[in-house]
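Residue-level structure breakdown
Given next are the chains, with one letter for each unit.
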Amino acid sequence: MTHWFHRNPLKATAPVSFNFYGVAGSPIELARFIASLDGTKQENKLRFMQNFKWTDTLQGNTPSAQQDAIFELVSMAFNVAIWHAKFASRLAGKENVTEVEAKDVHRSLKFAAGIFKHLKEVYIPRLITPAEKGRDLDPRVMDTYMVQCKAEAQEVTIARVIELKHNATLIAALAFETANFYQKADHTLNTLEPECSSKWRNYLQLKQHFYMAYAYCYHGQTLLASDKCGESIKSLQEAEKCYSRAEALCKEYRQTKGPGSTAKPSEQLFFTTLGGLIKITLQKCERENGFIYFHKVPAEVPQLELKASYGLAEPISFEFPAVSEQCTPEVYTTFDLTKGAKAEKAKPKQEEEVKPMKEPDLKPQKDTGCVIS
């Protein structure tokens, strides 16, 4: 089945000349700016030589700037993670996604989550200048990207579990866990300026309500199978409410300005299919209750005390490659900072803009819902 994922733009960077004539006594590579090569725990003497500028995915074309090689490393790796997330989105939006393609989507999302996790835990704490609020290296933004990737990976799992007709209890539990991931991601962004985060938050909220509707729908099926028809009806009615809220948020998403797709998620098959399933299941429960059970529909919604034992997505562990064997203490000593030009100072805020990356407005392809087995 075709999936739809919101994506913010790639980061863009200003050209860097790396003019170290006189300083460099041997060929230079990025790892030599960061790793300590003299056998001590002191910072690499090359780390703060060059100023780097990168745009942020939520802040338009005005870049952040730091005179720190770790800022450059983290920004490049961040873009790699965004690329993997975009690759997964593009592949998942195809018509009639194959099993192999679904596995690629699942792996790419977990790999992206692993990169975000590694950067947040290992490298961002090493920055001398903390990230400004709402910038990509803000831990809240980094957390949101990581949790979103995990949630989207679980969407692929849910589609697979439904396709293979696993039991409704497992589907409900996975949907509930996924909805909680989206809620966590949304709450992480609630302290950012609405101008830069509203569209993203609309997406996270609509996915949260969408998967809560899934959870209540399949939990209702479980209750009916346990001869709890009244509770089943109440669960399905709650699924209808969650679905209606998700539908309203789809409209808000479409109308909100900001980075992201111009797609109409409420018109996509993944969305309309659930609406039909809720309607049919509720009608069945009401019909069975009228002929067989005669249960009173409770006033309270059944609690979703669900915990998935299988199918939960975890980030794939990520580490940067080891330093090249050519980066030896002897080579390190050939760099003489006294012979270079004076290091330029990074300005906290840059007025000039960096040209953005050109990206197409990708939309999910039409999916008939047919599966050839």
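Nothing here was measured: the structure is a model prediction, and the numbers come from that model. (Residues numbered from 1 in each chain as written. Predicted model: local features only at pLDDT ≥ 70, side-chain atom pairs only at ≥ 80, totals over all residues. Heavy atoms only, no water.)

1. Considering empty space enclosed by the protein
- In total, this model carries one cavity of 30 Å³ or more according to the counting rule given.
- The computed volume of the largest cavity comes to approximately 80 Å³.
- Contributing to the lining of the largest cavity are His-6, Arg-7, Asn-8, Ile-82, Ala-85, Tyr-145, Gln-148, Cys-149 and Trp-200.
- Among the elements of the structure, helix H1 (69-92) and helix H3 (139-163) are those that each provide at least two residues to the lining of the largest cavity.
- Considered class by class, the residues forming the lining of the largest cavity number five nonpolar, three polar and one charged. (1 Å grid on protein atoms, 1.4 Å probe; cavity = no way out; pocket = protein on both sides within 12 Å on 5 of 7 lines; lining within 4 Å. Points joined across faces, edges and corners; volume = space filled by probe spheres on them. Helix = DSSP H or I, 4+ residues; strand = E, 2+ residues; numbered from the N terminus. Nonpolar A, V, L, I, M, F, W, Y, C, P; charged D, E, K, R; others polar.)

2. What to know about the packing of helix H2 (residues 99-123) against H3
- Across the interface, H2 lies against H3 with an axial gap of 9 Å and an inter-helix angle of 160°. Relative to H3, the element H2 lies roughly antiparallel. Helix-helix and strand crossings are classified by hand; for H2 and H3 the assignment is left-handed. Packed against H2, whose contacting residues are Glu-99, Ala-102, Val-105, His-106, Leu-109, Lys-110, Ala-112, Ala-113, Phe-116, Lys-117, Leu-119 and Lys-120, the element H3 presents Pro-139, Met-142, Asp-143, Tyr-145, Met-146, Cys-149, Lys-150, Glu-152, Ala-153, Val-156, Thr-157 and Arg-160 at the interface.
- Partitioning the contact of H2 with H3 into residue classes produces 14 nonpolar, two polar and eight charged. (Axes fitted to C-alpha atoms, helices over the stretch in contact; angles between N-to-C directions. Parallel < 35°, antiparallel > 145°, perpendicular 65-115°, else oblique. Left-handed = near helix turned anticlockwise from the far one by under 90°. Contact = heavy atoms within 4.5 Å.)

3. Regarding the confidence of the model for the chain
- Averaged over every residue, the pLDDT of the chain is 87; the share at 70 or more is 86%.
- In the model, residues 368-373 has pLDDT below 50 throughout and makes six contacts with residues more than four positions away in sequence or in other chains. (pLDDT = per-residue confidence, 0-100.)

4. Side note on the packing of aromatic side chains
- With the rule as written, the count across this model stands at 20 aromatic pairs.
- For the ring pair Phe-116 and Tyr-145, a centre distance of 5.2 Å and an interplane angle of 20° mean the geometry is stacked. Separated by 29 residues along the polypeptide, Phe-116 in helix H2 and Tyr-145 in helix H3 bring together distant segments of the chain.
- In textbook terms, an aromatic cluster arises when at least three aromatic residues are bridged by ring pairs, as seen for Trp-4, Tyr-182, Tyr-203, Phe-210, Tyr-211, Tyr-214, Tyr-218, Tyr-243, Tyr-253, Phe-270 and Phe-271.
- In this structure, Lys-11 packs its charged tip against the face of Phe-78, placed 5.3 Å from the ring centre. (Phe/Tyr/Trp six-rings, centres within 6.5 Å; stacked < 30°, edge-to-face > 60°. Lys NZ or Arg CZ within 6 Å of the ring centre and 35° of its normal.)

5. Some words on the side chain of Asp-136
- Within the secondary structure layout, Asp-136 lies in the loop between H2 and H3.
- Among the polar contacts made by the side chain of Asp-136, one reaches the side chain of Thr-57 at a distance of 2.6 Å.
- Those residues in contact with Asp-136, other than ones at most four positions away along the chain, are Lys-11, Thr-55, Asp-56, Thr-57, Leu-58, Phe-78, Val-141 and Met-142. (Polar contact = N/O pair within 3.5 Å; in protein donor to acceptor, adjacent residues only side chain to side chain.)

6. Thoughts on H1
- For H1, built from 24 residues, the straight-helix expectation of 34 Å at 1.5 Å per residue is met to within 8% by its first-to-last C-alpha distance of 35 Å.
- Summarising burial for H1: 19 of the 24 residues are buried, a large majority.
- Between a side-chain oxygen at the N-terminus of H1 and the backbone nitrogen of Ile-70 the separation is 3.0 Å; the capping residue is Asp-68. (Expected span 1.5 Å × (residues − 1). Buried < 20%, exposed > 50% of the residue type's maximum accessible area, 1.4 Å probe, protein only.)

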